[in-house]
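Descriptive analysis of the structure
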Amino acid sequence: MTLLREPNQTGHDRNHGLARFQSVRNRRIALRCAFQLPVIIWAVSTYALARQVFDVGVVGSLAASVAVGYVVAVVETMLVASPRSAWLFVARLILTLVMSILGATALDIALFEKDIAAQIRASAEAAYAKKREPEVTAVLKKVEQKKTDWQKALDKANDEAQCRGSGSGRCGLGKIAAELLTQAGIKREDYQQAEQALQTLRADIKQGSITAGLAAPRNAGVLGRVTAFHDFVRDNPPAFWFWILLLTMLLFLESSVMIVRYVGGESLAERVERLEEKRLLTMLERHVSPLAGQAPGTLGRA
């Protein structure tokens, strides 16, 4: 029995004959499983993103999951069905890596949603507090000035009462010293009011930061979540290494079609097809060569 197709043998007959080989069956099973992995990962990631992150309804999330899964299935089919070529291999490799990174990122956002939301809230609170920091600085300077004025007035009253400095020279709590103490008391009240205003401003900023932090995750988009996720893993070593392991695993799973298709080498069916094409080309050359040597006028009488 020959593996090459006879002139009257169809492609279906050839494939049916090759299917009896265990290596061919194993290759088809491996490709079928590898084909399903990226589709499943993208479908699950899309549903999780739509449902948990962007709060889309169940029907909308399922529709988005099916649509994205179908697109990935089309792309994976194109990768499997396209012929072997150096340039096509490079293009397929780049496309596979891009899809793998995007798919891994989508799944990471879904898995780390709580941590990402916390990071977004913290960033929003810090940004709000920084925005209002000039107000705190201005009020704080006012408080320090009021405190300095109060301290100077109090020192002046004490100097008058104790006959120090350039006072009236009347020791004890006289009329002038009492008046100076009254003025010091007024300045103390001004200082206390400024201090109270500072505390009120800080409380208002704290409440505003909390409000901004609660609203930030709902308003954050994909890029904002990706940035927050990178900030989170950068400042958290255990999360960073867990993310590296997860990314590596997802890259491997989503690149499984390329691994089975190319790393596994040439399959038996591809080897048979290559030999068959080579034989057909040889037969065609043998048939065309005698005709090429005939004169143009004799081709019709041949």
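In the block above lies the structure referred to throughout.
Residues numbered from 1 in each chain as written. Predicted model: local features only at pLDDT ≥ 70, side-chain atom pairs only at ≥ 80, totals over all residues. Heavy atoms only, no water.

1. Quick notes on the overall build of the chain
Helix and strand content of the chain: 11 helices and 0 strands. If you list the helices and strands of the chain from N to C, you get α-α-α-α-α-α-α-α-α-α-α. Taken over 302 residues, the chain has a buried fraction of 30%. Restricting the contact set of the chain to residue pairs at least 6 apart, pairs at least 24 apart contribute 73%. Just so you have it, the chain exposes about 19500 Å², and 64% of that area is on carbon and sulfur atoms. (Helix = DSSP H or I, 4+ residues; strand = E, 2+ residues; numbered from the N terminus. Buried < 20%, exposed > 50% of the residue type's maximum accessible area, 1.4 Å probe, protein only. Contact = heavy atoms within 4.5 Å. Areas by Shrake-Rupley, 256 points an atom, 1.4 Å probe, with all protein chains shown as cover.)

2. A look at helix H8 (residues 222–234)
Spanning 13 residues, H8 covers 18 Å between terminal C-alpha atoms, matching the ideal 18 Å at 1.5 Å per step. Along H8, the residues classified as buried are Arg 225, Val 226, Ala 228, Phe 229, Asp 231, Phe 232 and Val 233. (Expected span 1.5 Å × (residues − 1).)

3. Here we look at the nonpolar core
Core analysis: the largest hydrophobic core is formed by 23 residues, its most contacted members being Ile 109, Phe 112, Ile 116, Ile 120, Phe 229, Val 233 and Leu 250. When contributions to this core are tallied by element, the ones reaching two or more residues are helix H2 (22–53), helix H4 (86–111), helix H5 (113–131), H8 and helix H9 (237–254). Contacts of Ile 116, omitting those with residues within four sequence positions, involve Asp 108, Ile 109, Arg 225, Ala 228 and Phe 229. In terms of nonpolar packing, the next biggest core, distinct from the first, is built from 8 residues, Val 143, Ala 194, Leu 201 and Ile 205 among them. (Core = buried A, V, L, I, M, F, W, Y, C linked by side-chain atoms within 4.5 Å.)

4. As for the packing of aromatic side chains
One pass over the structure, following the stated rule, counts 7 aromatic pairs. Aromatic pair Phe 112 and Phe 232: ring centres 6.5 Å apart, planes at 50°, arrangement tilted. With Phe 112 in the loop between H4 and H5 and Phe 232 in helix H8, this residue pair connects regions lying 120 residues apart in the sequence. Just as Phe 112 is buried, Phe 232 falls in that class too. Measuring from centroid to centroid gives 5.7 Å for Phe 112 and Phe 242, while their planes differ by 75°, and the two rings are edge-to-face. Highlighted residues: Phe 112 in the loop between H4 and H5 and Phe 242 in helix H9, separated in sequence by 130 residues. An aromatic cluster of at least three residues, connected via ring pairs, comprises Phe 112, Phe 229, Phe 232, Phe 240, Trp 241, Phe 242 and Trp 243. (Phe/Tyr/Trp six-rings, centres within 6.5 Å; stacked < 30°, edge-to-face > 60°.)

5. Description of the packing of H4 against H9
Remark: H4 packs on H9, axes separated minimally by 9 Å, with the N-to-C direction vectors making an angle of 135°. One way to sum up the angle between H4 and H9 is to call them oblique. Viewed along their axes, H4 and H9 form a crossing whose handedness is right-handed. Judged by residue contacts, Thr 96, Met 99, Ser 100, Ile 101, Gly 103, Ala 104, Leu 107, Asp 108 and Leu 111 of H4 engage Trp 243, Leu 246, Leu 247, Leu 250, Leu 251 and Glu 254 from H9. Its residues assigned to classes, the contact of H4 with H9 comprises 10 nonpolar, 3 polar and 2 charged. (Axes fitted to C-alpha atoms, helices over the stretch in contact; angles between N-to-C directions. Parallel < 35°, antiparallel > 145°, perpendicular 65-115°, else oblique. Left-handed = near helix turned anticlockwise from the far one by under 90°. Nonpolar A, V, L, I, M, F, W, Y, C, P; charged D, E, K, R; others polar.)

6. Points about a nonpolar patch on the surface
There is a patch of nonpolar side chains on the surface, built from Phe 89, Val 90, Leu 93, Ile 94, Leu 97, Val 98 and Leu 102 and spanning about 570 Å² of accessible area. Relative to the helices and strands, Leu 97 resides in helix H4. With a relative accessible area of 41%, Leu 97 lands in the partly exposed category. (Patch = residues over 30% accessible without salt bridge, like charges linked within 9 Å, V, L, I, M, F, W, Y side chains within 5 Å. Salt bridge = Lys/Arg side-chain N within 4 Å of Asp/Glu carboxyl O.)

7. Notes on the side chain of Ser 45
With respect to the secondary-structure elements, Ser 45 resides in helix H2. In this view, Ser 45 contacts Gly 103, Ala 106 and Leu 107; residues no more than four positions away in its chain are not counted.

8. Describing the side chain of Arg 132
Looking at where Arg 132 falls in the secondary structure, it is placed in the loop between H5 and helix H6 (133–161). Take Arg 132: its relative accessible area is 14%, and that puts it in the buried class. Among the polar contacts made by the side chain of Arg 132, one reaches the side chain of Tyr 128 at a distance of 3.1 Å. Not counting residues within four places of it along the chain, the set of residues in contact with Arg 132 comprises Leu 201, Asp 204 and Ile 205. (Polar contact = N/O pair within 3.5 Å; in protein donor to acceptor, adjacent residues only side chain to side chain.)

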